[in-house]
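Chain and residue survey
Below, each chain spelled out in residue letters.
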There are 2 protein chains.
Amino acid sequence: MAIITIVGAGMMGSALAFPARENGHEVRLVGTPLDREIIEACIRTNRHPKFTKDFPAGLHFFQIESLCEALQNADLVIGGVSSFGVDWFGEVVLPQIGEQTPVLTVTKGLLDTEEGGLLCYPDVWDAKMKAQGRHMNLNAIGGPCTSYELVAHDQTEVAFCGRDIHTLRKLKELMQTDYYHISLSTDVMGIESAVALKNGYALGIALTIGVNQKQFGMESELHFNSQAAVFGQAVKEMHGLFSHLGVCSIENMTVGFGDLYVTVYGGRTRLIGVLLGRGLSIEAAKKELNGVTLESLVVAERVARAVRKCAAKGTMKEADFPLLMHVDDILTKNKAVQLPWEDFTFEVSK
Amino acid sequence: MAIITIVGAGMMGSALAFPARENGHEVRLVGTPLDREIIEACIRTNRHPKFTKDFPAGLHFFQIESLCEALQNADLVIGGVSSFGVDWFGEVVLPQIGEQTPVLTVTKGLLDTEEGGLLCYPDVWDAKMKAQGRHMNLNAIGGPCTSYELVAHDQTEVAFCGRDIHTLRKLKELMQTDYYHISLSTDVMGIESAVALKNGYALGIALTIGVNQKQFGMESELHFNSQAAVFGQAVKEMHGLFSHLGVCSIENMTVGFGDLYVTVYGGRTRLIGVLLGRGLSIEAAKKELNGVTLESLVVAERVARAVRKCAAKGTMKEADFPLLMHVDDILTKNKAVQLPWEDFTFEVSK
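Calculation rules
Residues numbered from 1 in each chain as written. Chains lettered and ligands numbered in written order. Predicted model: local features only at pLDDT ≥ 70, side-chain atom pairs only at ≥ 80, totals over all residues. Heavy atoms only, no water. Contact = heavy atoms within 4.5 Å. Buried area = accessible area lost by both parts, 1.4 Å probe. Salt bridge = Lys/Arg side-chain N within 4 Å of Asp/Glu carboxyl O. Least-squares fit on C-alpha atoms with pLDDT ≥ 70 in both. Buried < 20%, exposed > 50% of the residue type's maximum accessible area, 1.4 Å probe, protein only. Helix = DSSP H or I, 4+ residues; strand = E, 2+ residues; numbered from the N terminus. Arc of directions from axis to C-beta.

1. Remarks on the interface of chain A and chain B
Counting from both sides, the interface comprises 60 residues of chain A and, opposite them, 60 residues of chain B. Carbon and sulfur atoms supply 59% of the area that chain A and chain B bury against each other, a total of about 5300 Å² over both sides. Contact with chain B buries area across many residues of chain A, yet A:N225, A:Y261 and A:F346 alone supply 15% of it, more than any other trio. Here chain A is connected to chain B by six salt bridges. As a salt-bridge pair, A:E347 and B:R169 come within 2.4 Å of each other at their nearest N and O atoms.

2. Comments concerning the relation of the copies chain A and chain B
Structural alignment of chain A on chain B gives an RMSD of 0.0 Å, achieved by rotating through 180° and translating 0.0 Å along the axis. The superposition of one copy onto the other is thereby described by a two-fold rotation axis. If distances are taken from each C-alpha of chain A to the rotation axis, the shortest is found for A:Y261, at 3.9 Å. Comparing interface residues between copies, 100% of those in chain A also lie at the interface in chain B; the contact surface is shared.

3. Here we look at helix α2 (residues 36-45) of chain B
Residues and elements named next belong to chain B. Those residues of α2 that fall on the buried side of the exposure criterion are I38, I39, A41 and C42. All buried residues of α2 fall inside an arc of 160° around its axis, so they share one side. Seen from the buried face of α2, the exposed residues on the opposite side, beyond 90 degrees, are E37, I43 and R44. The elements touched by buried residues of α2 are β2 (26-30) and β3 (60-62). One or two residues past the end of α2 sits N46, with phi positive at roughly 55°.

Function cannot be inferred from these measures alone, as they are strictly geometric.
If you want it as structure tokens, here you go:
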């Protein structure tokens, strides 16, 4: 039996308490400063307010003041913060974790640099810790997994990534169940870029749903030709970005395209895409989604900015990413949705 | 204005009359011997019995007896038969078409050979014609396109493939509209295998829907984690088959994965997958679908047979295709649905 401490009581962090606890481990769920009410509810009811199912018996819940206590002797720390908690996690939580303790984070996203580079969070944290002379064992989770379906024990395939395959194998042993299946990869940037990129592209696919609602009526059947057309284009552009980043492998595509598939159905990203597709401005669409995190918007803007910088330097071509450029124009330039369908066609002549 | 003759009044052949006629061409729709009642209905109502929208004005409808007349001076012949009409099309229709007249077929499928090879229909027809001393200009359509959405003018991206890029460009000029967007590729086997393979794999994804209905109740929300897991595995196995066939390109993946996406929502293939997932035997599932064509079953069996033959020769490994092998076991060996989830995981260590 191991001790697994989960920091962040959002839906994904909390969902991971299920396989962890069901495997017999001691599980400690610690809320961030924003999770105070969630933890209170968990203590009172043994259920996360957003789940329809109780936690397995025997979980321990902690408010943020007890973080240090909750980290004591942990064999694994799971970071369950969203991309908006990245700095907090790096500044407050990581320094309290021992170098020997593996960390496994669910945070999805990419940062872009001044030079048009893209960085994944494990690398950002790693650099920050190294600057303090600390060498952490940082790992991350990617792949198609919605938290409420994990809670429901739906069959789920994810990928754990990290630099050390032996650590990864140990993490798999701790966390795998008969419904939670885990691939392993030392290609951290590959898995992390796959799961981040898919957010921006899922938004692009969801645009077509709103466009069709506008054109054919709100009650019209979903039009899958146009969804599939944008899905195919997303495949092409994600492949182009993988290639640019030097992480083009079938495993990364498997994780990325599977995750793209699930994200089109996944709540907020789908919703904002649909709203924009119906013709709402980005400001109006954001208002409708008041208060929820919109990682899809952030990642699309950052990746588009990186592509534009690389294009200016001549190392990429904007014309190879017409979908991403259009999504970015909608998000940052208030441009009307007008998908460049003909730009998605190709000509292959051998 | 060109003369475009469509042979086969199934849904896809008939749907192509829309862009063709809207572009101002003379369009002649000829029924196969099985389409007699459809053509009668079209003559009477100017509407295909399965569509909710009239044909554009000015179409010409022909019963099969008038095939020869309908082919007179045609600039393009579109073959609209299903894979079950492949022999008929090769024996009855192709010999009546001039060598200079381009042919564009919608038939999706692959044939497997005694040696474990896979052949696409354009190549099969080409060989048959060459044996008669005839050199035809055979082209084909692939990509995500459901006929009723094409009729509704949903934005649609397809790929035309054929050996001659100049012919393909001419066909694109004839057929493209502001909603029908056409990529071109001289990689015939690449496009044809992409759109054939996706049928078998879409069935695999649909299995999870039935499995979840059985486990969580018929009214349970769709479980996308498991769909996405199988989607990812389908990506991996299709990539493996593309590589084996020597047609692994991002364009073929774009077409194949986009088509896979749409097919999961596409009527019959989805339905039989769901029925099998719920626990029906293949015989019982087929009975429920009485009378409809099941290209997905045929292609899965054929490709699995080819893989098994290559595995016996040592040129492929069955273990690389656990999803296809399981689908084949269900279809041909009456095996119960029990997706090998853990076999879908991978380990990448650089």
